[in-house]
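# Residue-level structure breakdown
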Amino acid sequence: MSGPGVALQVLRPGALTTVQDLGRPGYAHLGVPRSGALDTGAHRLANRLLGNPPEAAALETTLDGVSLRALAPVVIAVTGAPCAVRASGHPVPWGAPVRLRAGVEVDIGRAESGLRSYVAVRGGFAVPPVLGSRSTDLLSGLGPAALSAGVVLPVGTPGPDPVHGVDAPAAPGPPRELVLPLRLGPRADWFTPASIAGLWRSHYRVSAASNRIGLRTEGPELARARTGELPSEGMVLGAVQVPPDGRPVVFLADHPVTGGYPVIGVVPRGPALDAAAQSRPGSGLRFTPAGAGVG
């Protein structure tokens, strides 16, 4: 059951756990990013397992999970980065609905591979929406604050769809090299032809400075064909901006809506950006030309 008076209390917030839905599109003209879940596939799957609509708010954890106490009977599901899930100290399934009685403490453990796990509850987390979304935006500060111990998270009323049961894929294994398809433009002409040709041959690593705003890279510098800076222009999800150090930055969900560094290309929305959300610092990364059919 869920609905009025149903809630979960945060016992251990983990390194960074935020509430995320599918974001708040349509406000870039006001300087507000879309935000939302970084791994949208994992977020949608967690909701589908529980019969929630795709846009229902869930929790996004970072590396070391979260612990919660059910204040009333609820049904949860954990997807994304595979991890141990325990209820009152006993193992329960990852990637499947789990029913919790009132008072039960559930611990979502450290990611065994990948970086971010998603914890959905039947009915969705019903924190107050801001501009139509319940997402935490770390850049603008909109939405609920990152979780802290003692916070009580209300649960919404479930919709008409039933709990679907197990339709999650097997837990993914250790991540392989991250391969990001890249469509060149709009400012590829700011870089030398040799630099662009070298981009396809270069191997990068995910930087520890990466966050929900952008995936930063360590590796070869891209050489400019033009000096100076651009006037600020619009930025989109997946834009690959090149700051003065010459190392590409892939913009993720909390990215700024404008920027003055040249964008060499864009990674199309889809599985590649979901994989970027699960890539740990030190993981290998390379760019490859995006095919005409990628979108």
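Please refer to the structure placed before this passage.
This one's a predicted model, so the numbers in the text were calculated from it and none came from an experiment. (Residues numbered from 1 in each chain as written. Predicted model: local features only at pLDDT ≥ 70, side-chain atom pairs only at ≥ 80, totals over all residues. Heavy atoms only, no water.)

### What to know about the overall build of the protein
Broken down by element type, the protein carries 3 helices and 20 strands. Taken over the C-alpha atoms alone, the protein extends approximately 65 × 40 × 35 Å along its principal axes. Across the 295 residues that make up the protein, the buried fraction comes to 50%. Put simply, of all contacts in the protein between residues at least 6 apart along the chain, 78% involve residues at least 24 apart. Within the structure as shown, the protein displays about 12,500 Å² of accessible surface, and the carbon and sulfur contribution to it stands at 57%. (Helix = DSSP H or I, 4+ residues; strand = E, 2+ residues; numbered from the N terminus. Buried < 20%, exposed > 50% of the residue type's maximum accessible area, 1.4 Å probe, protein only. Contact = heavy atoms within 4.5 Å. Areas by Shrake-Rupley, 256 points an atom, 1.4 Å probe, with all protein chains shown as cover.)

### Considering the side chain of Gln278
Assignment of secondary structure puts Gln278 in the loop between helix 3 (271–277) and strand 20 (284–289). Here the side chain of Gln278 touches Leu115 through a polar contact of 2.9 Å, landing on its backbone nitrogen. Other than its neighbours up to four places away in sequence, Gln278 contacts Asp39, Gly80, Ala81, Gly114, Leu115, Arg116 and Tyr118. (Polar contact = N/O pair within 3.5 Å; in protein donor to acceptor, adjacent residues only side chain to side chain.)

### Considerations on unusual backbone geometry
Omega for the bond connecting Gly185 with Pro186 falls within 30 degrees of zero, at 10°, which places this linkage in the cis form. Mapped onto the secondary structure, Pro186 falls in the loop between strand 12 (178–184) and helix 2 (193–201). Phi at Ser35 takes a positive value of approximately 60°, unusual for a residue other than glycine. Among the secondary structure elements, Ser35 is positioned in the loop between strand 2 (18–20) and helix 1 (40–49).

### Some words on the pattern of salt bridges
Under the defined criterion, the tally for this structure stands at 9 salt bridges. Taking the shortest distance from any N to any O, the salt bridge between Asp107 and Arg12 comes out at 3.0 Å. With Asp107 in strand 9 (residues 105–111) and Arg12 in strand 1 (residues 7–12), this pair connects stretches of sequence that are 95 residues apart. Arg247 is the partner of Glu221 in a salt bridge, and the nearest nitrogen-oxygen pair spans 3.6 Å. One end of the pair, Glu221, is in the loop between strand 14 (214–218) and strand 15 (233–234); the other, Arg247, is in the loop between strand 16 (239–241) and strand 17 (249–251), and 26 residues separate them in sequence. Among the ionic contacts, a cluster of salt bridges with common partners joins Glu60, Arg116, Arg212 and Asp254. (Salt bridge = Lys/Arg side-chain N within 4 Å of Asp/Glu carboxyl O.)

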